Amino acid sequence: MSFFDVVFYLFATITVLAGVGVVVARNPVHAALFLVLAFCSAAGIWMLLEAEFLAITLILVYVGAVMVLFLFVVMMLDINLVKLREGFWRWFPFGALLAGLMVFEMVWVLGSRQTADVSKAIVHAADYSNTKELGRLIYTQYVYPFEIAAVILLVAMVAAIALTLRRRAGVKSQNVADQVKVKKADRLRIVSMKSEPRQP
């Protein structure tokens, strides 16, 4: 077994154990930290696959921004852990079935002859840039799926905002239409005052 294989299995084991920790952790902060560990180990696997741009993007975007924001939200909210855990064992068989199906698919794909044949691996030149190649593929060969994915993410973002936007009594919020229609006479009153002589 080569050093590459040892490092790959190490990162893969850490990723799987961290994913299990995300699910079984009782504290939401610990679950978020396990997810950070899973992202870091997945970035290490991408580095082994010579996808440095994706690995750095995963660290910067997800670990550095999204997960930090998620940690702040989890730590500031008063989460009822008992209510959060309700229905866990009821949905556990369904989740275990989905997890088993995903494991079967991964074993099936990784155990096929096409992925097991190392002789078909492409060896790149020293000046090869995977970032340039990724950009070329996204904006030429996969431009339509890329645009469709962007539209789907935009629709999901708008739907999340629409679902969480509720009218609550006693909450002050801005009304942009009223702010645009405002006139000077509605907000400003000019008062005429006589000037007073300056005191010596």
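One can find the structure itself at the top, above this paragraph.
Residues numbered from 1 in each chain as written. Predicted model: local features only at pLDDT ≥ 70, side-chain atom pairs only at ≥ 80, totals over all residues. Heavy atoms only, no water.

**Q** Provide a residue-level description of the nonpolar core, including the pertinent values.
**A** In terms of nonpolar packing, the biggest core is built from nine residues, these being Ala32, Val36, Phe39, Ala43, Ala55, Leu58, Val63, Met67 and Leu71. Going through the elements one at a time, helix 2 (28-48) and helix 3 (52-76) are the ones with two or more residues in this core. Here this core gets five residues from one element, more than from any other, and that element is helix 3. Those residues in contact with Phe39 that lie beyond four places of it in its chain are Leu58, Tyr62, Val63 and Met67. (Core = buried A, V, L, I, M, F, W, Y, C linked by side-chain atoms within 4.5 Å. Buried < 20%, exposed > 50% of the residue type's maximum accessible area, 1.4 Å probe, protein only. Helix = DSSP H or I, 4+ residues; strand = E, 2+ residues; numbered from the N terminus. Contact = heavy atoms within 4.5 Å.)

**Q** Would you mind going over the pattern of salt bridges in detail, with residue names and values included?
**A** What the rule picks out here adds up to one salt bridge. The partner of Arg136 in a salt bridge is Glu133, with the nearest N and O atoms 2.5 Å apart. Within this pair, Arg136 and its partner Glu133 are both found in helix 7 (residues 130-141), separated by three residues, close to a single helical turn. Since its relative accessible area comes to 25%, Glu133 is described here as partly exposed. (Salt bridge = Lys/Arg side-chain N within 4 Å of Asp/Glu carboxyl O.)

**Q** Lay out unusual backbone geometry with the relevant residues and their values.
**A** The residue Glu50 is not glycine, and still its phi comes out positive at about 65 degrees. Secondary-structure assignment places Glu50 in the loop between helix 2 and helix 3.

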